[in-house]
Amino acid sequence: MTHETVPLYGGQLSRRVTIRDLRTAKERGERWPMLTSYDMYTAEIFDAAGIPVLLVGDSAGNNVYAHPDTVPVTVEELVPLARAVVRSTSRALVVSDLPFGSYQLGPEQALATSIRVMKETGVQAVKLEGGLPVVESVRRIVEAGIPVMAHVGFTPQSVNALGGYRVQGRGPEADKLIESALALEEAGAFAVVLEMVVAEVAAEVTKRLSIPTIGIGAGPDVDAQVLVWQDMAGLRGGRMPRFVKQYGDLRGALVDATKAFADDVVSGGFPAEEQTYH
């Protein structure tokens, strides 16, 4: 197969996926999956499964560090996670979030944080949230040679200002969301995440952009879909957002394995002869 015709998902590549590959996939109408990853084992598994893009998200806040949301996460907390994901993969394009507070002061801070993340982790791109207010930051980072994934719609770092988890793009918000996405593309973003966006608006954004759109709660008419892996695999408990579909029951499997281990210890069944040295 030529460079241009290798499928992003499951294609046989002897190199990492690039932002050029993502652009080419959009041109040929190929949809692709993206997942979060924060550790060695999931990174190895997702890479072997052919997931073309992995996000070391600030969603680690409420999926690794037990915070109620993403706001408290720091660069210092994300760097070792991103480093582990990069070390454990050979094919996926790895993207790291810029946490809240690490780029809001403006383009200079955004560039400095991006340089640090790239140098200390080895990721291939960074992601930041926001529309028109971050356009100049995106432009500055891209001009420095760092690929940027943008993120509009519901932006979790702004959960307090947005008044909670609210669907975006309804009514007069639609035009502003589209304007923001177009401005971010013009500034050099190689892709844009659309989170909790009205499906019709997400479809319009996808149609008008030449860069890939990545949906999470943005309907079917986008170029790619992303989920937090603990949601996708059924590890997380409690109520799920409407946009989540669970493809496994890892929580149930771990509960069963834990109980089986504990019962074996209590009954004396573990360790048995085959687990014993003489």
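Treat the numbers as computed from the prediction; the structure is a model and nothing was measured.

### Things to note about the pattern of salt bridges
Then, in step 1: With the rule as written, the count across this model stands at eleven salt bridges.
Then, in step 2: For Arg15, the salt bridge identified is with Asp21, shortest N-O distance 2.8 Å.
Then, in step 3: With relative accessibility at 6%, the residue Asp21 sits in the buried group.
Then, in step 4: For Glu30, the salt bridge identified is with Arg28, shortest N-O distance 2.6 Å.
Then, in step 5: Classification of Arg28 by relative accessible area gives partly exposed; the value is 34%.
Then, in step 6: Salt bridges sharing partners connect three or more residues here, namely Glu76, Arg116 and Glu120.

### Looking at the UniProt feature "binding site: 3-methyl-2-oxobutanoate" (unreviewed entry) in the protein chain
Then, in step 1: Mapped onto this numbering, the UniProt entry gives "binding site: 3-methyl-2-oxobutanoate" (unreviewed entry) at Asp58, Ser59, Asp97 and Lys127. A compact arrangement is adopted by the annotated residues: their sequence extent is 70 residues, whereas the largest C-alpha distance between any two is 12.3 Å. In this structure, the largest pocket is lined, among the annotated residues mentioned, by Asp58, Ser59, Asp97 and Lys127.
Then, in step 2: On the secondary structure map, Asp97 appears in strand β3 (residues 93-97).
Then, in step 3: Taking relative accessible area as the criterion, Asp97 reaches 3% and is therefore assigned buried.
Then, in step 4: In contact with Asp97, other than residues within four places in its own chain, are Leu55, Val56, Gly57, Asp58, Leu78 and Lys127.

### Details of the packing of aromatic side chains
Then, in step 1: Enumeration over the complete set of coordinates arrives at two aromatic pairs.
Then, in step 2: A ring pair is formed by Phe46 and Trp229, whose centres lie 6.2 Å apart and whose planes are at 65 degrees; its orientation type is edge-to-face. Remark: Trp229 occurs in helix α10 (residues 229-232) and Phe46 occurs in helix α2 (residues 40-49); sequence separation between them is 183 residues. Accessibility classification places Phe46 together with Trp229 in one group, the buried group.

Calculation rules
- Residues numbered from 1 in each chain as written.
- Predicted model: local features only at pLDDT ≥ 70, side-chain atom pairs only at ≥ 80, totals over all residues.
- Heavy atoms only, no water.
- Salt bridge = Lys/Arg side-chain N within 4 Å of Asp/Glu carboxyl O.
- Buried < 20%, exposed > 50% of the residue type's maximum accessible area, 1.4 Å probe, protein only.
- UniProt positions renumbered as here; feature names shortened; annotations may be inferred.
- 1 Å grid on protein atoms, 1.4 Å probe; cavity = no way out; pocket = protein on both sides within 12 Å on 5 of 7 lines; lining within 4 Å.
- Helix = DSSP H or I, 4+ residues; strand = E, 2+ residues; numbered from the N terminus.
- Contact = heavy atoms within 4.5 Å.
- Phe/Tyr/Trp six-rings, centres within 6.5 Å; stacked < 30°, edge-to-face > 60°.

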